[in-house]
Amino acid sequence: CMTSKRPSSTKMRRICFLAHRYQHSVTKRWVMDCHQCGKTIDPIVGDQWDADHVLPRGIDGPDDESNLAPICAGKGSCHADKTKKDVRDIAKVKRTSDKLYGVKRPSSKLRKPEGHRYDWQRRRYTRIEEA
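Keep in mind that this is a model prediction, so the values were computed, not measured.

Undergrad: Can you explain the layout of surface pockets? Please cite residues and give values.
TA: Its boundaries defined by the atoms lining it, the largest pocket holds a volume of some 230 Å³. Together, 16 residues line the largest pocket, and Arg6, Asp52, His53, His79 and Asp86 are the ones closest to its centre. Where the lining of the largest pocket is concerned, the elements lending two or more residues are α1 (9-20), β4 (49-53) and α2 (78-101). The element that contributes the greatest number of residues to the lining of the largest pocket is α2, accounting for six residues. When the residues that make up the lining of the largest pocket are grouped by side-chain class, the tally is five nonpolar, five polar and six charged.

Shown next, in the form of structure tokens:
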């Protein structure tokens, strides 16, 4: 059974650029618009941009041009803000799916070992000695 390999980010950027570019009316250069804020992105000038998955991959978003859109990149940019939102959305989808299918995830909280008590001087659990 062959699994499909995820395309490289360079290939996804190329697909996104070819799907969303248009020629600027004044400069006659190929530019794109950020799908979050609408700002014009001109790669020739050096504007930073990424190919963003409109529907995140974690929520079964495909890697084709219908799901890729240009977005501003860099620190404090549209892409950073959208990624934060996507992480929350993906986690919510996973929690909902787990609840639907009855999946129980282990708790991250440490539990006290049975037959032990916490020794504050040694800073660890020690076996309870029965007298």
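Next, the rest of the story.
Undergrad: Provide a residue-level description of the state of the cysteines, including the pertinent values.
TA: Covalent bonding between the sulfur atoms of two cysteines is what defines a disulfide. Tallying each qualifying case throughout the model produces zero disulfides. The closest cysteine sulfur to the non-disulfide-bonded Cys16 is located on Cys34, 10 Å from its own sulfur. Cys78 takes part in no disulfide bond, and the closest cysteine sulfur to it belongs to Cys37, at a distance of 3.6 Å. Residue Cys78 is classed as buried on the basis of its relative accessible area of 16%.

Undergrad: Describe in detail the pairing of β4, supporting the description with residues and values.
TA: The buried count for β4 comes to four of five residues, which makes it a mostly enclosed element. Note: β4 against strand β5 (residues 68-72), five bridges, orientation antiparallel. Looking at β5, one finds that His53 is bridged to Leu68.

Undergrad: Summarise the packing of aromatic side chains; cite the residues concerned and give the values.
TA: What describes a pair of aromatic rings is the distance from one ring centre to the other and the angle between the planes of the rings. Throughout the structure, instances matching the rule amount to three aromatic pairs. With centroids separated by 5.2 Å and ring planes inclined at 80°, the aromatic side chains of Tyr118 and Tyr125 adopt a geometry described as edge-to-face. Given a relative accessible area of 37%, Tyr125 falls into the partly exposed group. Taken together, the ring pairs connect Tyr118, Trp120 and Tyr125 into an aromatic cluster. A cation over an aromatic ring shows up here: Arg13 above the ring of Trp49, its NZ or CZ 4.2 Å from the ring centre. The ring of Trp30 has Arg21 sitting right over it, with the charged end atom 4.3 Å from the ring centre.

Definitions and limits used
Residues numbered from 1 in each chain as written. Predicted model: local features only at pLDDT ≥ 70, side-chain atom pairs only at ≥ 80, totals over all residues. Heavy atoms only, no water. 1 Å grid on protein atoms, 1.4 Å probe; cavity = no way out; pocket = protein on both sides within 12 Å on 5 of 7 lines; lining within 4 Å. Points joined across faces, edges and corners; volume = space filled by probe spheres on them. Helix = DSSP H or I, 4+ residues; strand = E, 2+ residues; numbered from the N terminus. Nonpolar A, V, L, I, M, F, W, Y, C, P; charged D, E, K, R; others polar. Disulfide = S-S within 2.5 Å. Buried < 20%, exposed > 50% of the residue type's maximum accessible area, 1.4 Å probe, protein only. Pairing = 2+ DSSP bridges. Phe/Tyr/Trp six-rings, centres within 6.5 Å; stacked < 30°, edge-to-face > 60°. Lys NZ or Arg CZ within 6 Å of the ring centre and 35° of its normal.

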